[in-house]
Structure formats: structure tokens, C-alpha cells
Amino acid sequence: MSKQLKGSLSIILATVIWGSTFVAQSVGGKQVGPFTFLAIRCVLAVAVLLIILLVRKPKAFCPTVFNPRLWLAGIPCGLALFVATALQQLGLIDPNLTAGESGFITTMYIILVPIFGLLLRKKPPLTVLFSVIIALLGLYLLSGGIGNIDKGELLTFGCAIAFAVQILLVDHLAGDLDSMALNMAQALVCAVAAGIVMPFTETFEISNILSCWLPLCYAGVLSMGIAYTLQIVGQKSLEPTTASLLMSFESVFAALSGQIILHEVLSVPEAVGCGLVFGAIILSQIPIKRKKRAPLVRS
């Protein structure tokens, strides 16, 4: 099997996990509070990533984990990740927002990253500008019109904005830091932030947590732990544009998972809206000129 094929399969498997995680978040959010779910999810991710780092770099484990530069980057990235994942989890509480719709709206970070890059004087290609127009039309159909925009959709769009900021922070601060170690650091910051907010917003009940252990383990171990590892492995053998295109399929798997597992049904306008958002995502990743672009890392 070629390196390119292994890389593609790694990222596709990661997108399957990410897409189906919207179902886990939706189910778990009905049993425990959003910040409780997020805190435990991140703690599980940190534990898995620490174990992988220890196995992968036994001699360099301490220098890697206790590197001051790691935490100078991990703290701001983790705070952005906290805002993004918290808004996503809060949005999924809305009964009017399906897991599939959440997946499509969230994946708009791929379009927003180059738009926000304007602040860093990085001019986006013309295809991105067309993508924004198409995506806005898709969101209009998804919401049923301006007058019918629900709280969940607004929160999830805020999540996409926060993910775009987090990606730019990773791109600016990561440098030569170990990617898995940075994921661990930002997950720990996210867990601490969620743990601080949790006592003021919801009741911590062990019975409720135990009742949704499967969604928690899936979202923490598989999504934040294993899937990000697969992403790193895949990006080492793929062109950035190819990797980004494959990652955009997260939204498709989110919609499929919602239909298969939760029996969610999209109306015709909503289905067309999802199609437009997905088309906009694909269009935004098509470069006009043959230039290598920095990879979009969803961490």
C-alpha cells in the first residue's frame, strides 16, 4: 500500500469518527450538562494522548510535555478550542438542530480560515469569496429563512468562527512543536476551562455521567484522541489541499450518522442547504494557482 493511500485512508477514518461524534455529543448532551460533557471528554483525550506520547517518545516524554513553548502555544489554542467546543455542545442541545446540520455548519471553518487570514494580510483566492456567498445561501436554506434562525444554529456558527480562530492560532504558534503534544496541551486547557465554568452552570451527578459513558468515551478517546492522531499520520504523506478536501467530508459523515443512528430526516430545503454548504467547502479548497498552501489543522 502506497504512503498516499495510507494517508488518505487515515484521514477518511478520522472524518468518519469526527462526523459520528456529533451523534455522541447530541446523545450525551441530553444526559449531562454541556460543560460536564466537555470537561470529561477532554480529560479522557488528555489521558489517551499522554499514553500515546509516552509509548511513542519514552525518552523524550518529559522534555516534550514540560517544554515551556508548548504551553505558551497550548494555552491560547486551548482557550479557543474551549470556546469552539462549548458553543458546539450548547448548540446541539437545541432540539431544532440535528447532528447533520451541526456538522455542516461547523465545517464552515474551512471557508472562514482564509477569510480571517485577511487580518494577517494573506489574500484568499477568488474561489473562497464565491464559496462564502454559496455557503451563506446554504445556511439560509438550512435555517428555513432569516426569521427562523434558531439559537442552536447561531451557537454552532459561532463554533465555526472559534474553530477558525483556533486553526489560525495553531498555524501561528505551533512552529516545530510536536503536534500530538500540542493537542494534549490544548485539550488540558479546554478541560480546565470547562471544569471552572461547570459548577456555576450545572449540577455534577455521577449517575448521569455513568449513564452516558459510551458517548463520553467515544467523543473523548476516539474523536479527540485517536482521530487527531490519524489526521497527523495522514497529513505527513498528503498534499495540504488533498488533506483539507478529505477533512471536509466530516460534514457528510455527520449527516449520514444522524440519519442512520438518530433517524434524523432533513427536509428538501435543508438537504439542498447542506449540499450548497458542502459544495462551498469543496470550492474553497480548489486553488487557482498551483501553490502549496499551509495545511488546515483541526485540533
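Along each chain, the written sequence defines residue order, and numbers are assigned to residues from 1. Where totals are concerned, whole chains, interfaces and linings use all residues; where local detail is concerned, this predicted model gives features only for residues with pLDDT of at least 70, and gives and counts side-chain atom pairs only at 80 or more. Excluded from the side-chain calculation are hydrogens and water; included are all heavy atoms of the structure.

Concerning the packing of aromatic side chains
- Each Phe, Tyr or Trp ring (for Trp, its six-membered ring) is paired with any other whose centre lies within 6.5 Å, and the angle between the two planes then decides the class: stacked below 30 degrees, edge-to-face above 60, tilted in between. This structure, assessed with the given rule, holds 2 aromatic pairs.
- Geometrically, the ring pair formed by F35 and F82 is tilted, given 6.1 Å between the ring centres and 35 degrees between the ring planes. Here F35, found in helix 2 (residues 34-56), pairs with F82, found in helix 4 (residues 68-93); they are 47 residues apart in sequence, far enough to count as distant.
- Relative accessibility decides the category of a residue: with a 1.4 Å probe and only protein chains considered, values under 20% of the type maximum give buried, values over 50% give exposed, and everything between is partly exposed. A relative accessible area of 14% means that F82 is categorised as buried. Helix and strand assignments come from DSSP, with helices taken as H or I runs of at least 4 residues and strands as E runs of at least 2, each series counted from the N terminus.

What about the side chain of Q88?
- Mapped onto the fold, Q88 is located in helix 4.
- Any N or O atom pair separated by 3.5 Å or less is treated as a polar contact, with the protein-specific requirement of one donor-capable and one acceptor-capable atom, and with residues adjacent in sequence counted only for side-chain atom pairs. A polar contact is formed between the side chain of Q88 and the side chain of T106, at a distance of 3.3 Å.

Digging into the pattern of salt bridges
- Every case where a carboxyl oxygen of Asp or Glu lies within 4 Å of a side-chain nitrogen of Lys or Arg is listed as a salt bridge. Across all of its chains, the model carries 3 salt bridges by this definition.
- Close ionic contact of D178 with R56 constitutes a salt bridge, the shortest N to O distance being 3.0 Å. With D178 in the loop between helix 8 (151-173) and helix 9 (179-201) and R56 in helix 2, the pair connects residues that are 122 residues apart, well separated along the chain.
- Overall, the relative accessible area of 39% leaves R56 in the partly exposed class.
- Several salt bridges converge on common partners, so that one network encompasses R56, K57 and D178.

Let's talk about the nonpolar core
- Here, nonpolar core means buried Ala, Val, Leu, Ile, Met, Phe, Trp, Tyr and Cys residues that are tied together by side-chain atoms lying within 4.5 Å of each other. Within the largest apolar cluster, 68 residues are counted, with the highest numbers of intra-cluster contacts made by L38, L53, L70, F82, M184 and M224.
- Among the elements that line this core, the one with the most residues is helix 9, at 11 residues.
- Counting 6 residues, the second largest nonpolar core, distinct from the first, contains F37, C212, L216 and A219.

Notes on unusual backbone geometry
- With a phi angle near 55 degrees, H263 is a residue other than glycine that sits in the positive phi range.
- Along the polypeptide, H263 turns up in the loop between helix 13 (250-261) and helix 14 (268-284).

Considerations on the packing of helix 1 (residues 3-28) against helix 13
- As a packed pair, helix 1 and helix 13 sit with axes 7 Å apart at the nearest point and diverge in direction by 45 degrees. Accordingly, the angle class assigned to the pair helix 1 and helix 13 is oblique. Of the two elements, helix 1 crosses helix 13, and the hand of that crossing is right-handed. Residues I12, T15, V16, W18, G19, S20, F22 and V23 of helix 1 form the contact with helix 13, whose participating residues are E250, F253, A254, S257, G258 and I261.
- Here the nonpolar group is Ala, Val, Leu, Ile, Met, Phe, Trp, Tyr, Cys and Pro; Asp, Glu, Lys and Arg are the charged ones; every other residue, Gly included, is treated as polar. Residue classes in the contact of helix 1 with helix 13 are distributed as 8 nonpolar, 5 polar and 1 charged. Every axis in this analysis is a line fitted to C-alpha atoms, fitted for helices over the stretch in contact. Angles between the N-to-C directions lie between 0 and 180 degrees. Oblique is the label for any angle not under 35 degrees, not over 145, and not in the 65 to 115 range, which are roughly parallel, roughly antiparallel and roughly perpendicular in turn. By definition, any crossing whose near helix is turned counterclockwise from its far helix by less than a right angle is left-handed, and any crossing with a clockwise turn is right-handed. Whether two residues touch is decided by their heavy atoms; if any such pair falls within 4.5 Å, the residues are in contact.

What to know about the environment of V277
- Inspection of the secondary structure assignment puts V277 in helix 14.
- Of the residues examined, V277 reaches a relative accessible area of 0% and is grouped as buried.
- A C-alpha to C-alpha distance of 4.6 Å links V277 and A135, two positions 142 residues apart in sequence.
- Among residues more than four places away in sequence, those in contact with V277 are F104, M108, A135, G138, L139 and L142.

Some words on the packing of helix 6 (residues 109-116) against helix 8
- Relative orientation of the contacting elements helix 6 and helix 8 amounts to 55 degrees, with a least axis distance of 8 Å. Here helix 8 runs oblique to helix 6, going by the angle between their axes. Both helix 6 and helix 8 take part in a crossing whose hand is right-handed. Touching Y109, L112, V113 and F116 of helix 6 are A160, I161, F163, A164, V165, I167 and L168, all from helix 8.
- When the residues that make up the contact of helix 6 with helix 8 are grouped by side-chain class, the tally is 11 nonpolar, no polar and no charged.

Description of helix 5 (residues 99-106)
- Across the 8 residues of helix 5, 8 count as buried, placing the element largely inside the fold.
- When helix 5 is considered as a whole, its buried residues turn out to be A99, G100, E101, S102, G103, F104, I105 and T106.

A word on the environment of D178
- A relative accessible area of 12% means that D178 is categorised as buried.
- Note: C-alpha distance between D178 and V65 (113 residues apart in sequence) is 9.3 Å.
- Of the polar contacts made by the side chain of D178, one reaches the side chain of K57; its length is 2.8 Å.

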